[in-house]
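A structural walkthrough
Chain by chain, the residues run as shown.
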Amino acid sequence: MDASNYRRVPAGVVAPRDAGDVAAALRICADAGFPVVPRGGGTSIAGQATGVGVVLDLTRHMNALVSVDPVARTAVVQPGLVLDRLRDAVRPYGLAFGPDPSTHARCTLGGMIGNNACGAHSVAWGTTADNVTELAVTAYGGSSYRLGTGWAGAPEGLRELVAGNLAVLRTGLAGGFSRRISGYGGLDALLPERGVGVARAFCGSEGTLGVVTEAVVRLVEAPRAPVLAVLGYADESAAADAAAGLLGAGPLTVEGMARDLVPGAAAAGALPRGDAWLFVEMRDEGAARSLVRGADAVDSLLVTDPAGQRALWRIREDAAGTATRTPDGGMAWPGWEDCAVPPARLGAYLREFRALLAAHGLRGTPYGHFGEGCVHVRIDFDLVTPAGIARFRSFSGELADLVVSHGGSLSGEHGDGQARAELLPRMYGPEVIALFGAYKDVWDPAGGMNPGMLVRPARLDENLRFAVLPPGGGELSHGVARCVGVAKCRTTEVGGPGVMCPSYRATGEELHSTRGRARLLHEMLAGEVVTDGWRSREVAEALDLCLSCKGCRSDCPVGVDMAAYKAEFLHHHWSGRIRPPAHYLLGGLPRLLRTVALLRAAAPLNAAARRLPPPGLTRDRPLPPLARTPFTRWWRSRAGESRPQGPGATAVTLWPDTFTEYLSPHTGRAAVRVLEAAGLEVTVPRGPVCCGLTYVSTGRLDRARTVLRRTLTRLEGAPDRPVVVLEPSCAAALRTDLPALLPDDPRAHRLATAVRTFAEALEQYAPHWRPPRLDRPVAGQTHCHQHAVLGDAADRRLRERAGLTGELSGGCCGLAGNFGFEPGHHAVSVACAREQLLPSLDAARDSGPAILADGFSCRTQIAQLSPYRAHHLAELLADGLPIEGPADSP
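Structural notes, computed from the coordinates. Nothing here was measured: the structure is a model prediction, and the numbers come from that model.

The subject of this paragraph is the packing of helix H20 (residues 514–526) against helix H21 (residues 537–544). Between H20 and H21, whose axes approach to 10 Å, the crossing angle comes to 160 degrees. In terms of axis orientation, H20 runs roughly antiparallel to H21. The two elements H20 and H21 cross, and the hand of that crossing is left-handed. Mapping the contact onto sequence places Arg 517, Leu 520, Leu 521 and Met 524 in H20 and Glu 538, Val 539, Ala 542 and Leu 543 in H21. A breakdown of the residues in the contact of H20 with H21 according to their chemical character gives six nonpolar, no polar and two charged.

Structure below.
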């Protein structure tokens, strides 16, 4: 599968190390009659990167930046090089590679060449084909070619083919525009008056002609201080009509979107007034202000700050995923992702496109490169039932006719693949279609390169990936189908608040990415390739290094929740069998530690653990010591003390989670002190309660349900109060896992909505309280579950009010509850910590920061891998309170 609606099972995958390996693989495959599909990443959304023969994975080894010539403004690249690595390397020279798809953090140059990718800046710098000067290509059978301008290095017969079809090239491909990508749409580059651009014509061939093993690409001068002008319009059509009129100002981008794509950003006031917007980037502030003065927009916003620009561009870059969700939570799919019309026709086209959607009872949210007339859209097709698939086919034919009627191209940058190649005769005449076939045959007479794409194509309603999923497959089936292969989880960039996907960044293996795991679960449910179902060792291996960080829940544009899928898999995988010891020791931690506390055996158990680590756990790290006095025992011991609060004080329930109760009771004591200093009345549940987290993370879902029901029963009769949870992972479990596991229990939903983090409770229920001024920098870790589920806005505001400055590390600390203590996980656990957390602590060392980490796992990881001791925010605030009495209130 790629980022499309299609699925074809390959015979195998080869990861060549160099061009010699590519030639050998193509020679062997040709001798054996096996078709070949070259694969990069990040640009194929029409099925062209799927294949039934041998897939060449060019990302694993052939990913080098060979050289950069800043004077000539060129770079030599291998096909597996990720675009952002090239951009990072040439940025010090003031240069950039012009084409920049929204997937720039993970798309490869080879994929961009294969699909003639463009991106937002193509309005200024053109398509990939416009920025390629030479290509090294290996054909099916192993022959190698060096392509550039002129016939030297071209395959035998190509010059003769062009000479015999000059009239077809000049008439059948005449009248094109910048985004005519469909078919071999660049074939007219071979005309003598076009300079015989053999390398240019090869671009956009979707792996059907040969394999690029090296490319020389042209670089452009990057603007030093670009400014983003956001123009608001009354509606999408008005924005589309205005786009073409802005091109004379020389913009770098003209990107369009409407409110239905970005309702959150619009509601939050991040965008100017209007119901549709154009993102127009200009080279400098003067040009941007001039553009705004001349634009007939409802409202406008100039963004000069690079951080502010990045925040707005992220909205646009995530659209390929966010557009897959309809307002009612349904799914929308690729298929008509990037057709294009001449920019002057865009407004009229979009009006007719919306009408066509309505006529078929379909919904979609157009957005994209309005300055070049290229429209991205995901549509809520039913690709499962026969009636839905028939409607998909009918709609596709009518939409193809609509695009052609406006002088457009079925594909504007990501290729035709299987989704649109069948419809190419509606766009091109029969002579052009015949020429396309002859062109392929010159390069690939045996037909072994990516058959079924572009020439002699498969039907657009064949090989749909949903067909193999079992009907009524439940939430897991819906969840894995939701993964459309956008592959944001394959991003290797470090920095920022994002988390996804720490295991992929640690190993670099596709099976350890969110997408890779979703694909394996898809195949497990299909039962064709992975045949042993829930007992599958392949799926278990892929999920073993999933940290259950929940980063994908928030960072994945389509909200894939691999932690939930892993729990579901482990539940079935170990059903009726003896589980690994860690599932009992760590999964059953609440019950085990409760027993230790009842026996008052913490001290001897700590001593025993130091001498002999428990069986089934890693020997690479010590267990954190148990506290001698659990939090609730301390709480009961102070019951007689007076806690006078003001009239009408809000009462809150402090949740004694397992980590606070048995491992870090001082955190609970600090929280009590701060909450009471803020004027809140604190209560603690009578008897043990549990969020079920450790049972969920080890896949013991039946046990988790039992524990949660028991907890809900224990809370019956207690007053409805806000529930303050100090441990972020437990708060996240109560907010999300609890109602998911007990969807029909209204008590579960009531408790979930009552949960507050420590900072949220202070902000909502003690808004006038002034925290102590600590006035010092902080460093540390935002818990993954806080980032993914709870959010940290209230924490940031509380830290600011307390004078705590600086940013906490994003990413994942790597310990992740039970994960870091399980055998075989230590190396990945440490690699995750070394990615962001440990460097951030070292970088802040000279400023003498307070080390902050609300998660017990994060504090443990910091203590075990660094010389620092981390604290919960409650501890820092408690230390700043006066020795006696509550803090002053206004």
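Once that is clear, we can look at the sheet that holds strand E8 (residues 144–147). Within the open sheet, the five strands sit side by side as E4-E5-E9-E7-E8. Their pairing is antiparallel. Lying at the two open borders of the sheet, with one neighbouring strand each, are strand E4 (65–69) and E8. With strand direction ignored, the average angle separating the axes of adjacent strands in the sheet is 10 degrees. In terms of strand pairing, E4 meets strand E5 (residues 74–77) through four bridges, oriented antiparallel. By the bridge assignment for E5, Ser 67 is matched with Val 76.

Turning next to the environment of Ala 740. Among the secondary structure elements, Ala 740 is positioned in helix H32 (residues 728–741). Between the C-alpha atom of Ala 740 and that of Ala 564, which follows or precedes it by 176 residues, the distance is 9.7 Å.

A few words now on the side chain of Asp 57. Mapping Asp 57 onto the fold places it in strand E3 (residues 54–57). Buried charge Asp 57 goes without a salt bridge, the closest partner of opposite sign being Arg 60 at 4.4 Å. Within the structure, Asp 57 has its side chain in polar contact with the side chain of Thr 59 (distance 2.6 Å). Setting aside anything within four residues of it in sequence, one finds Asp 57 in contact with Val 13, Val 14, Ala 15, Pro 16 and Arg 39.

Side chains of a nonpolar character, in soluble globular proteins, are inclined to be buried together. With 131 residues, the main nonpolar core has Leu 135, Leu 278 and Tyr 349 as its most contacted residues. The dominant element in this core, judged by the number of residues it contributes, is helix H14 (residues 386–405), at seven residues. Sequence-distant contacts of Tyr 349, defined by excluding residues within four places in its chain, comprise Cys 339, Val 341, Val 375, Leu 399, Leu 402, Val 403 and His 406. With 40 residues, the next largest nonpolar core counts Leu 593, Phe 659, Cys 691 and Val 723 among its residues.

Here we come to the side chain of Arg 756. Relative to the helices and strands, Arg 756 is located in strand E20 (residues 755–757). Within the buried core, Arg 756 has no salt-bridge partner, and the shortest N-O distance to an opposite charge, that of Glu 760, equals 5.2 Å. Within the local environment of Arg 756, its side chain forms a polar contact with the side chain of Gln 764, the two groups lying 2.9 Å apart. For Arg 756, the residues in contact, after removing those within four places along its chain, are Pro 722, Val 723, Val 724, Val 725, Arg 735, Ala 761, Gln 764 and Tyr 765.

Tallying each qualifying case throughout the model produces zero disulfides. This cysteine, Cys 374, is not joined by any disulfide, and Cys 118 carries the nearest cysteine sulfur, 6.9 Å off. Residue classification places Cys 374 among the buried positions, given a relative accessible area of 0%. Cysteine Cys 549 is unpaired, with the sulfur of Cys 784 as its nearest cysteine sulfur at 5.0 Å.

The rules behind these values
Residues numbered from 1 in each chain as written. Predicted model: local features only at pLDDT ≥ 70, side-chain atom pairs only at ≥ 80, totals over all residues. Heavy atoms only, no water. Axes fitted to C-alpha atoms, helices over the stretch in contact; angles between N-to-C directions. Helix = DSSP H or I, 4+ residues; strand = E, 2+ residues; numbered from the N terminus. Parallel < 35°, antiparallel > 145°, perpendicular 65-115°, else oblique. Left-handed = near helix turned anticlockwise from the far one by under 90°. Contact = heavy atoms within 4.5 Å. Nonpolar A, V, L, I, M, F, W, Y, C, P; charged D, E, K, R; others polar. Pairing = 2+ DSSP bridges. Buried < 20%, exposed > 50% of the residue type's maximum accessible area, 1.4 Å probe, protein only. Lys, Arg positive; Asp, Glu negative; His and termini not counted. Salt bridge = Lys/Arg side-chain N within 4 Å of Asp/Glu carboxyl O. Polar contact = N/O pair within 3.5 Å; in protein donor to acceptor, adjacent residues only side chain to side chain. Core = buried A, V, L, I, M, F, W, Y, C linked by side-chain atoms within 4.5 Å. Disulfide = S-S within 2.5 Å.

Geometric values such as these leave the question of function open.
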